[in-house]
Amino acid sequence: MNSTKSLRPPEQLAWNGLTLGLILLPFSLALGLGCFLLILGWGLFFYVQDYRRRSLTWIWLGLIVLLILSTAQAQFPLDAVLGLANFIPFILLFIVLRELLQTPQQLLVIQRILAVSVLPLVLLGCGQLWGGWSGPVQWGWIIQWSLAPGGTPSGRMDSVFGYANIFASYLTLIFPFVLSFWSQSWQASPPSWWSLWADRCLWSITLGFAALGLLMTHSRNAWMIATLVWLTFALYLRWYRWLLLAFGGLVSVFWAAFGPVGRSIFQQVIPIFFWGRLNDQLYPDRPVAELRVTQWQFAWHLTLQRPWLGWGLRNFSPLYKAEMGQWLGHPHNFFLMMTAETGIPVLLGFCAIVGWIFAQAIGSEHRIFTATSSPTASCLLRLSTLLSFGASVLFHCFDITLFDARINLLNWLLLAAITGIPAWSDAPLSD
């Protein structure tokens, strides 16, 4: 597949750097981010005039100004300045990536790289939980894996990500890509039986690894979102038997956790590993300060006190510790964090821009879906991209993982790709 045939030589070089950066990113944060920093510098140096002609560029710059104003009046200014690093470089990178991603074939390459990364990452996680593998694994500043024996927290797989919820967020983001390639492998007609079964085996194993990784992170958030993604795929592909089976299993697990009658019967059939995690029976008597409801209430209280520019990025943690006597990195909800730390106008600005981009892509996909008798590879490419970004947004309603630069970068990369979906809706996908 010549996925970059329309790129000019400078763009081809940047595209090569992007693919290399994606391959390295999960395993070496320094090398992966280094590749994307070079792409950012390349874009701002060679194509700044092109970016200035885009109205979306100026809207993002307006939000950057509001973020800086919020920082200027922060309760803890140094923390707020450090918090800008989670936003400003990535907004600028989005502007550059939007111009670099020109074809659906590029998006296909991105999805394949990310989907295949599941295999080594979950394998490392399995070694961590059951194989006695432990770190730290360090090679200067290039590779730094904590790889704590038994996972972090204990008993939960985190692989090279240092914390189970971050790994769960990564797997949730990639799960739609794996599902897309797996479903296509069972629908495609390769030229030889060997090619057919090699493709099916690869993506079936990858899907199994992804499901195992999601399961062993013990993330209720990831379980819920992965189930919704599976149901969406089954509905989109008209797999009604799979849809009924998945729905029945989901209802059974929730009934074992919360059912008003007959709960004990379901609990005898379904392992406590599933329903006990949902209703917190595996982790009873949690401190009030650790409850999400408590954190959300405090974040909203901060919002009401400073609704316009907030208290400053990364200021929730010291304020929460001063009030509750316990340190927390964030309030486990991106939207409440933004209103508390940067003010309501900044959040509305983010939601308006991202919502407009997402709505444009969904509209184009819906028109094509209703006009076709069966989903094509191009349809699944776009659907999986939308589901991936939507899954990440939903994940951030109950946890915040953007502080991990890998998750943050992938979200902005996906958003940049989504802006091109309306223009790619009629483009053929060659392989």
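A quick note: this is a predicted structure, and the numbers were derived from the prediction, not measured.

Participant: I'd love a proper account of the overall build of the chain, names of residues and values included.
Facilitator: Looking only at helices and strands, the chain features 21 helices and 2 strands. Taken over C-alpha atoms, the radius of gyration comes to 22 Å for the chain, in line with the 22 Å a tight globule of 431 residues would show. Projected onto its principal axes, the C-alpha coordinates of the chain cover approximately 65 × 65 × 50 Å. Long-range pairs, those at least 24 residues apart, make up 73% of the contacts in the chain with a sequence separation of at least 6. Total accessible area computed for the chain in this model is approximately 19700 Å², and 69% of it derives from carbon and sulfur atoms. Positive and negative charge centroids in the chain, built from 22 and 16 side chains respectively, lie 5 Å apart.

Participant: How would you summarise helix H19 (residues 377–395) if you had to cite specific residues and measurements?
Facilitator: Taking 1.5 Å per residue, 19 residues should reach 27 Å; H19 reaches 26 Å between its end C-alpha atoms and fits that length. Among the 19 residues that make up H19, 15 are buried, leaving the element largely enclosed by the rest of the structure.

Participant: Give a detailed account of the packing of helix H2 (residues 29–46) against helix H20 (residues 405–418), specifying residues and quantitative values.
Facilitator: Taken N-terminus to C-terminus, the directions of H2 and H20 make an angle of 30 degrees; their axes are 11 Å apart at the nearest point. It follows from the interaxial angle that H2 and H20 lie roughly parallel. By crossing handedness, the relation of H2 to H20 is classed as left-handed. Residues Leu29, Leu33 and Phe36 of H2 pack against Ala405, Arg406 and Leu409 of H20. Its residues assigned to classes, the contact of H2 with H20 comprises 5 nonpolar, no polar and 1 charged.

Participant: Outline the packing of aromatic side chains, supporting the account with residue identities and numerical values.
Facilitator: The description of two aromatic rings rests on the distance between their centres and on the angle between their planes. Applying the stated criterion across every chain, the model contains 19 aromatic pairs. Look at Phe298 and Tyr320: their rings are 5.3 Å apart centre to centre, the planes differ by 75 degrees, and that puts the pair in the edge-to-face class. One end of the pair, Phe298, is in helix H15 (residues 292–305); the other, Tyr320, is in helix H16 (residues 316–324), and 22 residues separate them in sequence. Tyr320 gets classed as buried once you look at its relative accessible area, which sits at 0%. Among the aromatic residues, those joined into a ring-pair cluster are Trp60, Phe87, Phe94, Phe350 and Trp412.

Participant: Quick rundown of the pattern of salt bridges? Include the residues and the values.
Facilitator: All told, the structure shown has 3 salt bridges when counted by the stated rule. In this structure, the salt-bridge partner of Glu99 is Arg54, at a minimum N-O distance of 3.0 Å. Residue Glu99 is found in helix H6 (residues 88–100), and its partner Arg54 is found in the loop between helix H3 (48–52) and helix H4 (55–72); the two are separated by 45 residues along the sequence.

Participant: Explain the nonpolar core to me, and be specific about the residues and the numbers.
Facilitator: Leu18, Leu22, Trp60, Phe94, Leu101 and Phe350 are the most contacted members of the largest nonpolar core, which has 112 residues in total. Per-element accounting of this core gives the leading share, 13 residues, to helix H9 (residues 164–185). What Phe350 contacts, discounting residues up to four positions off in sequence, is Trp60, Leu63, Phe87, Ile91, Met338 and Trp412. Ranked by size, the runner-up nonpolar core spans 11 residues in total, among them Ala299, Leu302, Trp311 and Leu319.

Participant: Could you give me a rundown of a nonpolar patch on the surface, with the residues and numbers involved?
Facilitator: Nonpolar side chains collect at one region of the surface, where Phe247, Val251, Trp255 and Val261 lie side by side and expose about 370 Å² of accessible area between them. Along the chain, Trp255 turns up in helix H12 (residues 240–258).

Participant: Kindly report on unusual backbone geometry, identifying the contributing residues and their values.
Facilitator: Most peptide bonds take the trans form, and the phi angle of most residues other than glycine is negative. With an omega of 5 degrees, the peptide bond running from Gly135 to Pro136 counts as cis. Examined against the element boundaries, Pro136 turns out to sit in the loop between helix H8 (118–130) and strand E1 (137–139). Even without being a glycine, Ser159 presents a positive backbone phi close to 55 degrees. By the element assignment, Ser159 lies in the loop between strand E2 (143–145) and H9. Classification of Ser159 by relative accessible area gives buried; the value is 0%.

Participant: Go over the side chain of His330 with me, naming the residues and quoting the values.
Facilitator: With respect to the helices and strands, the residue His330 is situated in the loop between H16 and helix H17 (334–342). A distance of 3.3 Å separates a polar side-chain atom of His330 from the backbone oxygen of Ile400. Beyond its immediate chain neighbours, meaning those up to four positions away, His330 contacts Gln295, Phe316, Ser317, Met337, Asp399, Ile400 and Phe403.

Participant: Please provide a residue-by-residue account of H9, values included.
Facilitator: Look at H9: 30 Å from first C-alpha to last across 22 residues, which is about the 32 Å you get at 1.5 Å a residue. At Ile174, H9 shows its largest kink, close to 35 degrees, and the proline Pro176 lies no more than four residues downstream. Most of H9 sits inside the fold, with 22 of its 22 residues counted as buried.

Participant: Lay out the side chain of Asn408 in plain terms, naming residues and giving numbers.
Facilitator: By secondary structure assignment, the location of Asn408 is in helix H20. We classify Asn408 as buried; its relative accessible area is 3%. Here Asn408 is in contact with Asn86, Phe90 and Leu402, once residues within four sequence places are set aside.

Participant: Run through the packing of helix H11 (residues 220–236) against H12, naming residues and quoting values.
Facilitator: At a minimum axis separation of 8 Å, H11 and H12 run at an interaxial angle of 155 degrees. By the criterion of interaxial angle, the relationship of H11 to H12 is roughly antiparallel. Seen from above, H11 lies across H12 with left-handed handedness. Where H11 approaches H12, its residues Thr227, Trp230, Leu231, Ala234 and Leu235 are matched on the opposing element by Tyr240, Trp242, Leu243, Ala246, Phe247 and Leu250.

Participant: Mind laying out the environment of Gln184, listing which residues take part and the relevant values?
Facilitator: Mapped onto the fold, Gln184 is located in helix H9. Along the primary structure Gln184 and Gly41 are separated by 143 residues, whereas in three dimensions their C-alpha atoms are 37 Å apart. Ignoring sequence-local partners within four residues, the contact set of Gln184 consists of Ala377 and Leu380. Of note is the side chain of Gln184, whose polar atom sits 3.0 Å from the side chain of Ser180.

Rules behind the numbers
- Note that residues are indexed from 1 along each chain, following the sequence as it is written.
- Only residues with pLDDT of at least 70 get local features here, since the model is predicted, and only at 80 or more are side-chain atom pairs given and counted; chain-wide, interface and lining totals rely on the full set of residues.
- With hydrogens and water excluded, all non-hydrogen atoms of the structure serve as input to the side-chain values.
- Working definition: helices are DSSP H or I runs of at least four residues, strands are E runs of at least two. Numbering for both runs from the N terminus.
- Only C-alpha atoms enter the radius of gyration, while the globule expectation follows 2.2 Å times N to the 0.38, with N the number of residues.
- Any pair of residues with heavy atoms lying within 4.5 Å of one another is described as a contacting pair.
- Residue exposure ignores everything except the shown protein chains as possible cover, and the areas themselves are Shrake-Rupley values with a 1.4 Å probe.
- Positive: Lys, Arg. Negative: Asp, Glu. His and the chain ends are not part of the count.
- We put the charge of a Lys on NZ, of an Arg on CZ, of an Asp on CG and of a Glu on CD.
- Take the number of residues in a helix, subtract one, and multiply by 1.5 Å to get its expected span.
- Relative accessibility decides the category of a residue: with a 1.4 Å probe and only protein chains considered, values under 20% of the type maximum give buried, values over 50% give exposed, and everything between is partly exposed.
- Each axis is a line fitted through C-alpha atoms, taken for helices only over the stretch in contact, and angles between the N-to-C directions span 0 to 180 degrees.
- Here the angle decides the label: under 35 degrees means roughly parallel, over 145 means roughly antiparallel, 65 to 115 means roughly perpendicular, and every other value means oblique.
- Take the far helix as your reference; a near helix turned counterclockwise from it by less than a right angle gives a left-handed crossing, and one turned clockwise gives a right-handed crossing.
- Here the nonpolar group is Ala, Val, Leu, Ile, Met, Phe, Trp, Tyr, Cys and Pro; Asp, Glu, Lys and Arg are the charged ones; every other residue, Gly included, is treated as polar.
- Note on aromatic pairs: the rings of Phe, Tyr and Trp (six-membered ring only in Trp) are paired at centre separations within 6.5 Å, and the planes decide the class, stacked below 30 degrees, edge-to-face beyond 60, tilted for the rest.
- Salt bridges are identified by distance alone: a Lys or Arg side-chain nitrogen within 4 Å of an Asp or Glu carboxyl oxygen.
- Put simply, a nonpolar core is a bunch of buried Ala, Val, Leu, Ile, Met, Phe, Trp, Tyr and Cys residues held in one set by side-chain atoms that sit within 4.5 Å of each other.
- Exposure above 30% relative accessible area and the absence of a salt bridge qualify a residue for a patch, where like charges join within 9 Å and nonpolar side chains (Val, Leu, Ile, Met, Phe, Trp, Tyr) within 5 Å.
- Here a polar contact is recorded for every N or O atom pair within 3.5 Å, except that within protein the pair must consist of a potential hydrogen donor and a potential acceptor, and residues adjacent in sequence are included only if both atoms are side-chain atoms.
- Note that bend, as reported per residue, equals the angle between axes fitted to the 7 residues terminating at that residue and the 7 residues originating from it.

Keep in mind these numbers describe shape, not what the thing actually does.
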